[in-house]
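The chain contents come next:
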Amino acid sequence: MRTDDGSWTLVDPETQVAFHSGCGAVAETDHVYVNNGGIYERLKAHPEFAVLEFGLGTGLGLIRTIDAFRKFTVSNPEEVDNVRLRYVAIDRDWLDANILESLAHQPADLSDDFIAQRRRWDTEASSPVCWEPIRGVSVELWIDEANDAIQEIGRSGTTFDAVYYDAFDPESNEDAWTAGVIRNIVPLMKRDARLVTYCINRKVKELFRECGLEPTAVPGPPGGKREVMVARLVKQAQT
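Fair warning: this is a prediction, and the values are worked out from it, not measured in the lab.

**Some points on the packing of helix α3 (residues 60–75) against helix α5 (residues 108–121)**
Here comes step 1: Viewed as axis vectors pointing N to C, α3 and α5 meet at an angle of 130°, and their least axial separation amounts to 10 Å. Taken together, the axes of α3 and α5 are oblique relative to one another. Along this stretch, α3 crosses α5, giving a crossing that reads as right-handed. Contact residues: Leu62, Ile63, Ile66, Asp67 and Arg70 in α3; Asp109, Leu110, Ser111 and Phe114 in α5.

In structure tokens, the structure reads:
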């Protein structure tokens, strides 16, 4: 399906649930995840930006975040040797490389590289698989059940500046919106981390509060949802 900004997304033929908003796959991804996740502000103050994405999907969030990192280094050439992006993503299964190719995600060079890696990963024995697309960027992709992957990631001691919570909505993917999953993610968040998501219904707000997060409604992408969510650790969770 072509979305309003000209970018493409997928629609599940059985459920008719789209992977991205009809207002624009790129517009939504940039606004809800890349910008609300705070990559530019973080890199101006710290040498590394670490992202945990829950729901790799078509890889658009990954591609757009790498591109944002690249734009930062171009605008700040004196920092190119100092800054790093670490991106860890989890999903239950891969999308086929031919399907990803049909979406023609932008920028094309990163999308083409991701698709080439996706084809190579068909031969990988187990996850995680790793990728270093450009200087300063390391990617780690887990194809596994959510809590299994989260627990393994937690054992590494890695903590994250942003969590992209990009699972399908609670009606379509109830298992992703449970206290068990969110409680396992919270310890992986840095004290000033942001969890960002398009979903902002009352039950999700209550779920986040139950798990030690304080959700805040912020403006949604142009032409899309009126509000989306940024959630941060509450004071009690930071002690």
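**Some points on α5**
Here comes step 1: An ideal rise of 1.5 Å per residue puts 20 Å on 14 residues; α5 measures up with 20 Å between its terminal C-alpha atoms.
Here comes step 2: Within α5, burial applies to Leu110, Ser111, Phe114, Ile115, Gln117, Arg118 and Trp121. Axial view of α5: buried residues confined to an arc of 165°, hence all on one face.
Here comes step 3: Looking at the buried side of α5, the elements it contacts are α3, α4 (97–103), β3 (129–131) and β4 (137–143).

**Some details on unusual backbone geometry**
Here comes step 1: Here the residue pair glutamine 106 and proline 107 is connected by a cis peptide bond, since its omega of 0° sits within 30 degrees of zero.
Here comes step 2: Take proline 107: it is sitting in the loop between α4 and α5.

**Thoughts on the environment of leucine 56**
Here comes step 1: Positionally, leucine 56 belongs in the loop between β1 (48–54) and α3.
Here comes step 2: Sequence-wise, leucine 56 and isoleucine 143 are 87 residues apart; in three dimensions their C-alpha atoms are separated by 9.2 Å.

The rules behind the values
- Residues numbered from 1 in each chain as written.
- Predicted model: local features only at pLDDT ≥ 70, side-chain atom pairs only at ≥ 80, totals over all residues.
- Heavy atoms only, no water.
- Axes fitted to C-alpha atoms, helices over the stretch in contact; angles between N-to-C directions.
- Helix = DSSP H or I, 4+ residues; strand = E, 2+ residues; numbered from the N terminus.
- Parallel < 35°, antiparallel > 145°, perpendicular 65-115°, else oblique.
- Left-handed = near helix turned anticlockwise from the far one by under 90°.
- Contact = heavy atoms within 4.5 Å.
- Expected span 1.5 Å × (residues − 1).
- Buried < 20%, exposed > 50% of the residue type's maximum accessible area, 1.4 Å probe, protein only.
- Arc of directions from axis to C-beta.

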